[in-house]
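This is what each chain is made of:
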Amino acid sequence: MSNSDTVPLHPSSQSDIDEIENLINSYPSSVLPARPPSPPRIPVSSTPPPPPSFIPSNLPPPSVPKPTPVFSPAPSVPAAPLPPIPPPRGSATSSSSIAGSGFGPAPNTLTEPVWDTIKRDLSRIVSNLKLVVFPNPFREDPGKALRDWDLWGPFFFIVFLGLVLSWSASVKKSEVFAVAFALLAAGAVILTLNVLLLGGQIIFFQSLSLLGYCLFPLDVGALICMLVGNVIIKLVVVAVTLAWSSWAAYPFMSTAVNPRRKALALYPVLLMYVSVGFLVIAID
Amino acid sequence: MEESFTNLPTSHFVGSVPAVVSEEKKATNNEVPGANLQIFPPNNAGSGGQGYQPIGSTSDGGGQPATNNWTGVFSISSYTQYFNVDTDIVLNRLISSLYPTTGDFVNKIDANPDLYGLVWISTTLVFAIASLGNCATYLMHRRSDHSTSWTFDVNYLNVAAGSIYGYALIVPLGYYFVLQYLGSSVSLIRFWCLWGYSLFIFILTSFLLVIPVEFLRWTIILIAGAASASFVGLNLRSYIQSNDLTIVAISAFVLQMGLSIFIKMWFFA
């Protein structure tokens, strides 16, 4: 493969190229543990693939980098949330051992500063939150939100809600936290199972992630209710945030099942959010 | 044995398409002109229907069907057969659970018993009696003593969950074992379905029980308890179809009344 092929790059292929060469340099011998919503976009069996001739300057390249302005965005690539690339932190060491065996120095995720790792996860949480919860009438396919699901966001939101409820309670604080946490965590699992049992098509962890992100409005509402003492205001705030949460969860749940069973899949979601809303109002 | 395999009710499986299923589907479709993924034979047009094989009616009536839908206890697809209902079917069954006088609920569910009703009605009931019980207790205390403040007793949720889930799961199980021992073959899934739908009326009455008038509360709960208990008793009797086991139906009646009185006394005191 010479450098003289003059096929102009499609604007979207740059990200493909970056992913490919990241994959080559980081996981040369095996495919990533398959996260279903974001499969690697290259055929795994193709080694060596064409990309070595397009390697950008970011990772130390074994061959000549191509000096064109196409690659100028390359150095910023790892900071953005790449869908199939960022490995779970626990597997960073294993990936470094794989990479160290044949394909050059360890990948950046092991040697980067901790702040970079945290920042990347936080930015992913924020981008997922914007995708799921905030109104965007132009989003391309509401039912398929969250290609890049993660469970950190839902974890933070559930724990935060439990903490706020526990702070608001005057008696039996630890019981309140336990009830809230169990209700939300078990509720997310059971709602997902409900959709699967009704014959719907969803991915288990993606659904858990989505239901967790849809708790964000209720978190905000619980925080406001903790600071405000008036029951009427609490009622209004909880009603508004409840409607917002249900609105956020609706498109995902309703497209997952047969339309004749839509209400059967949506009713438990509503039940869970109403019960959490009631807990928010009632705990004082 | 070949006969049962040509009537495989696999057409409702979404997403699970082994290659071999397709030819059996064609065979099924020849015999069942109206059956496709979206349309089910009307369940109240009698049991059996046109080719939708009732689960468990051929072999044992047990909770673990020995039929070909069972792919292991940890696989979701073996349980989807019990959730094979649409919204309108569920609504129909809910409404018919409010009429305690006719014993034909078991005929309705015979072809397609569902566990969706059991799971979500009992969950709704747990939440309803825990939350409304708190409201009702607060209102009652305010009538007698105007200075009480609102407290939310989280323990209500624990007791509600334990009692309702325990009742809804264990009582049908107990009746299943007793009746198996006494000789008649019964289906556990239909029992769970029956008891599950019988709890629906308590959800509605728990809204009414918030009214802080003691006499009214007792009246409401006794009427609702009697309706639910006679629903269970009559349907049980028509299901067993053997007159010397009427004592079983009467005991179910008594148990359901006991549950209703427990709900009133513990949550809406």
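Residues numbered from 1 in each chain as written. Chains lettered and ligands numbered in written order. Predicted model: local features only at pLDDT ≥ 70, side-chain atom pairs only at ≥ 80, totals over all residues. Heavy atoms only, no water.

1. Quick word on the overall build of chain B
How we decide: Helix and strand assignments follow DSSP, with helices taken as H or I runs no shorter than four residues and strands as E runs no shorter than two, numbered in order from the N terminus. Only protein chains enter the accessibility calculation, which uses a 1.4 Å probe; a residue is then buried when its area is under 20% of its type maximum, exposed when over 50%, and partly exposed in between. The method behind every accessible area is Shrake-Rupley, applied with a 1.4 Å probe, and residues are considered shielded solely by the protein chains displayed.
Helix and strand counts for chain B come out as 10 helices and zero strands. Each helix and strand of chain B, ordered N terminal to C terminal, gives the series α-α-α-α-α-α-α-α-α-α. Across the 269 residues in chain B, those meeting the buried criterion constitute 50%. Per element, the accessible surface of chain B, about 12400 Å² overall, is 67% carbon and sulfur.

2. A look at the overall build of chain A
Which entries qualify depends on this criterion: Working rule for contacts: check all heavy atoms of both residues, and any pair within 4.5 Å makes them a contact.
The helix and strand inventory of chain A stands at 10 helices and zero strands. Across the 284 residues in chain A, those meeting the buried criterion constitute 46%. For chain A, restricting intrachain contacts to residue pairs at least 6 apart in sequence, the fraction spanning at least 24 positions comes to 72%. When the accessible area of chain A is evaluated, it comes to approximately 14000 Å², of which 72% is carbon and sulfur surface.

3. So, the UniProt feature "transmembrane region" (unreviewed entry) in chain A
Residue and element names in this part refer to chain A. Which entries qualify depends on this criterion: UniProt positions are given in the numbering used here, feature names are shortened, and annotations may be inferred rather than shown by experiment.
Taken from the UniProt record, the annotation "transmembrane region" (unreviewed entry) applies to residues 151-170, 176-198 and 264-283. A helix fraction of 85% and a strand fraction of 0% characterise residues 151-170, whose end C-alpha atoms lie 31 Å from each other. Structurally, residues 264-283 comprises 95% helix and 0% strand, and the distance from its first C-alpha atom to its last is 29 Å.

4. Side note on the interface of chain A and chain B
Let me state the cut-off plainly: Buried area, as used here, totals the accessible surface that two parts lose on assembly, with accessibility defined by a 1.4 Å probe and the loss added over both. What makes a salt bridge here is a side-chain nitrogen of Lys or Arg within 4 Å of a carboxyl oxygen of Asp or Glu, nothing more. Two N or O atoms form a polar contact when they lie within 3.5 Å of each other; inside protein one atom must be a possible hydrogen donor and the other a possible acceptor, and for residues adjacent in sequence the pair counts only when both atoms belong to side chains. Note on residue classes: Ala, Val, Leu, Ile, Met, Phe, Trp, Tyr, Cys and Pro are nonpolar, Asp, Glu, Lys and Arg are charged, and everything else, Gly too, is polar.
Each side of the interface is counted separately: chain A has 29 residues, and chain B has 29 residues. When chain A packs against chain B, close to 2500 Å² is buried across both sides, 64% of that on carbon and sulfur atoms. For the pair chain A and chain B, the interface holds three salt bridges. Close ionic contact of Lys-172 of chain A with Asp-153 of chain B constitutes a salt bridge, the shortest N to O distance being 3.0 Å. There are 10 residue pairs in polar contact (both at pLDDT 80 or more) connecting chain A and chain B. Broken down by secondary-structure element, the contributors of at least two residues to the side of chain A that touches chain B are α6 (173-197) and α10 (262-282) of chain A. The element that contributes the greatest number of residues to the side of chain A that touches chain B is α10 of chain A, accounting for 11 residues. Across the side of chain A that touches chain B, the residue classes tally to 18 nonpolar, five polar and six charged.

5. Comments concerning the side chain of Thr-137 of chain B
If you trace the backbone, Thr-137 of chain B turns up in helix α5 (residues 116-144). Apart from residues no more than four positions distant in its own chain, Thr-137 of chain B is found in contact with Tyr-156 and Phe-267 of chain B.

6. Digging into the packing of aromatic side chains
Where we set the bar: For this analysis, a ring pair means two rings from Phe, Tyr or Trp (six-membered ring only for Trp) whose centres lie within 6.5 Å, classed as stacked if their planes differ by under 30 degrees, edge-to-face if by over 60, and tilted for the remaining angles.
Throughout the structure, instances matching the rule amount to 20 aromatic pairs over all chains. Ring plane angle 85° and centroid distance 5.2 Å describe the contact between Phe-204 of chain A and Phe-205 of chain A, whose orientation is recorded as edge-to-face. With a centroid separation of 5.6 Å and 65° between ring planes, the pair formed by Tyr-156 of chain B and Trp-266 of chain B is classed as edge-to-face. Linking Tyr-156 of chain B in helix α6 (residues 155-181) with Trp-266 of chain B in helix α10 (residues 246-267), this pair joins segments that are 110 residues apart in sequence. Here Tyr-156 of chain B falls in the buried class, since its relative accessible area comes to 9%. Of the residues examined, Trp-266 of chain B reaches a relative accessible area of 34% and is grouped as partly exposed. Pairwise contacts between aromatic rings join Tyr-156, Phe-262, Trp-266 and Phe-267 of chain B into one cluster.

7. Considerations on the side chain of Ser-198 of chain B
Residues and elements named next belong to chain B. Here Ser-198 shows up in helix α7 (residues 188-198). Of the residues examined, Ser-198 reaches a relative accessible area of 2% and is grouped as buried. Reaching out from Ser-198, the side chain makes a polar contact with the backbone oxygen of Trp-195 at a distance of 2.7 Å. Look past the residues within four positions of Ser-198 in its chain and what remains in contact with it is Ser-228, Phe-231, Val-232 and Gln-256.

8. So, the pattern of salt bridges
In the structure shown here, the tally under the stated rule is eight salt bridges over all chains. Residue Arg-261 of chain A pairs with Asp-86 of chain B through a salt bridge whose shortest N-O separation is 2.8 Å. Here Arg-261 of chain A, found in the loop between α9 (231-256) and α10, pairs with Asp-86 of chain B, found in the loop between α2 (21-31) and α3 (87-96), and the two come from separate chains. Across the pair, exposure class does not vary: Arg-261 of chain A and Asp-86 of chain B are buried alike. Ionic contacts of the salt-bridge type, sharing partners, join the residues Arg-260 and Arg-261 of chain A together with Asp-86 of chain B into one network.

9. Examining unusual backbone geometry
Look at Lys-172 of chain A: it is not a glycine, yet its phi comes out positive at around 55°. Assignment of secondary structure puts Lys-172 of chain A in the loop between α5 (152-168) and α6.

10. Re the UniProt feature "transmembrane region" (unreviewed entry) in chain B
All names here are of chain B. Under the UniProt annotation, the feature "transmembrane region" (unreviewed entry) is placed at residues 115-139, 159-179, 191-209, 215-234 and 246-267. With 89% helix and 0% strand, the stretch residues 191-209 has end C-alpha atoms that lie 28 Å from each other. Counting secondary structure, residues 246-267 comes out at 100% helix and 0% strand; the distance between its end C-alpha atoms is 32 Å.

11. Details of the environment of Trp-152 of chain A
All names here are of chain A. Tracing the chain through its elements places Trp-152 in helix α5. Remark: the alpha-carbon pair of Trp-152 and Leu-122, spanning 30 residues in sequence, is separated by 8.9 Å. Setting aside chain neighbours within four positions, we find Trp-152 in contact with Asp-121 and Ile-125.

12. What to know about α7 of chain B
Burial of α7 of chain B is extensive: 11 of the 11 residues sit out of reach of the surface. The complete set of buried residues in α7 of chain B reads Leu-188, Ile-189, Arg-190, Phe-191, Trp-192, Cys-193, Leu-194, Trp-195, Gly-196, Tyr-197 and Ser-198 of chain B.

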